[in-house]
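# Structure assessment
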Amino acid sequence: MDKKGKTGEIPEAFRSSIDNLTKSYFDMQRGLSGDNLEQAMKAAKEFKLKLDKVDMKLLTGSAHMDWMKQYKKLDVNLKIILEAGDIEAARAPFSPFSDAIIEAAKSFGTPKSNITLFHCPMALDNIGAYWLQNNTDTKNPYFGASMLICKDLMEPLFKNSK
């Protein structure tokens, strides 16, 4: 069933693509929060494969244009993450990458994922950064084990029944 998103009617097939992207995003987030670069990189590669398979022709008008903006941000930052030589180098672009997936999830929705929005005020030298999780057990991807539960915001973004 198609649903109305922030940018108009969003086909269920497209929303399912966003849902698939969030699954790989959550694996990346868990890898970074667990100080596991190998897990984060594996998930980033899976995300790239899924991103390249998203059928943007399912969208028209402003929804299509909005997706193109988010796609570009996701793709650019994903490439930086994939080129990272260490965990810290992978964490820095995770913030704009997260911002893009947050915007995509808000704009297009996901049919199945439960998504919680988190914010760490100390990330990126106290600029702060957002991230998503599919649970409410805080696992900060910007600091890993050194500050695993650092957050000042946690709010449900989507609560869907499977």
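Just so it is clear, the model here is predicted, and its values are computed rather than measured.

## What about the environment of S146?
By secondary structure assignment, the location of S146 is in the loop between β4 (129-133) and β5 (153-158). Of the residues examined, S146 reaches a relative accessible area of 59% and is grouped as exposed. With 36 residues separating them in the primary sequence, S146 and T110 have C-alpha atoms 32 Å apart. A polar contact of 2.9 Å, which involves the side chain of S146, links it to the backbone oxygen of F143.

## Let's talk about the pairing of strand β3 (residues 115-120)
Taking burial as the measure, the six residues of β3 include six buried ones, the bulk of the element. Where burial is concerned, the two faces of β3 agree: the one with I115, L117 and H119 and the one with T116, F118 and C120 are both buried. One ladder, built from five bridges, connects β3 with β5; its direction is antiparallel. Following the sheet pairing, L117 is matched in β5 by E155.

## Concerning the confidence of the model for the protein
Chain-level pLDDT for the protein is 91 on average; 93% of the residues reach the 70-or-more range. For the protein, strand β1 (residues 3-5) is the element with the lowest average pLDDT, namely 52, and helix α2 (residues 37-53) is the one with the highest, namely 98.

## Section: the state of the cysteines
All chains considered together, the criterion is met by zero disulfides. In this structure C120 is not part of a disulfide, and its nearest cysteine sulfur, from C150, lies 3.4 Å away. Relative accessible area serves as the criterion here: at 14%, C150 is assigned to the buried category.

## Comments concerning the pattern of salt bridges
Scanning all chains against the criterion turns up nine salt bridges. The shortest N-O distance in the salt bridge between R15 and E12 comes to 2.8 Å. With a gap of three residues between them, R15 and E12 both fall in helix α1 (residues 12-33), about one helical turn apart. Residue classification places E12 among the partly exposed positions, given a relative accessible area of 24%. Here the salt bridges do not stand alone but share partners, grouping K48, D52, D75 and K79 into one network.

## Details of the packing of helix α3 (residues 61-83) against helix α5 (residues 94-108)
The geometry of α3 relative to α5 is characterised by a closest axis approach of 8 Å and an angle of 155° between their N-to-C directions. Taken as axis vectors, α3 and α5 run roughly antiparallel relative to one another. Like other packed secondary-structure pairs, α3 and α5 cross with a definite hand, here left-handed. Here α3 contributes A63, D66, W67, Q70, K73, L74, N77, L78 and I81 to the contact with α5, which in turn contributes F94, P96, F97, A100, I101, E103, A104, S107 and F108.

## Considering the packing of aromatic side chains
Counted under the stated rule, the structure contains twelve aromatic pairs. Feature note: the residues Y25, F26, F47, F94, F97, F118, W131 and Y142 constitute an aromatic cluster, connected by ring pairs.

## A word on unusual backbone geometry
Even without a glycine there, the phi angle at L124 is positive, about 55°. Tracing the sequence through the fold places L124 in helix α6 (residues 123-126). The exposure class assigned to L124 is partly exposed, which follows from its relative accessible area of 31%. Despite not being glycine, N126 has its phi angle at roughly 70°, a positive value. Within the secondary structure, N126 sits in helix α6.

## Notes on the sheet that holds β3
With antiparallel pairing, three strands are arranged side by side in an open sheet as β4-β3-β5. With one partner strand each, in any of the chains shown, β4 and β5 form the two edges of the open sheet. Adjacent strand axes in the sheet meet at a mean angle of 25° when their direction is disregarded. Here five bridges tie β3 to β4, and the two strands are oriented antiparallel to one another. Its bridge partner lying in β4, T116 is registered against Q133. Across the face of the sheet, α1 comes into contact with β3 and β4 while running at roughly 115° to β4.

Thresholds applied
Residues numbered from 1 in each chain as written. Predicted model: local features only at pLDDT ≥ 70, side-chain atom pairs only at ≥ 80, totals over all residues. Heavy atoms only, no water. Helix = DSSP H or I, 4+ residues; strand = E, 2+ residues; numbered from the N terminus. Buried < 20%, exposed > 50% of the residue type's maximum accessible area, 1.4 Å probe, protein only. Polar contact = N/O pair within 3.5 Å; in protein donor to acceptor, adjacent residues only side chain to side chain. Pairing = 2+ DSSP bridges. pLDDT = per-residue confidence, 0-100. Disulfide = S-S within 2.5 Å. Salt bridge = Lys/Arg side-chain N within 4 Å of Asp/Glu carboxyl O. Axes fitted to C-alpha atoms, helices over the stretch in contact; angles between N-to-C directions. Parallel < 35°, antiparallel > 145°, perpendicular 65-115°, else oblique. Left-handed = near helix turned anticlockwise from the far one by under 90°. Contact = heavy atoms within 4.5 Å. Phe/Tyr/Trp six-rings, centres within 6.5 Å; stacked < 30°, edge-to-face > 60°.

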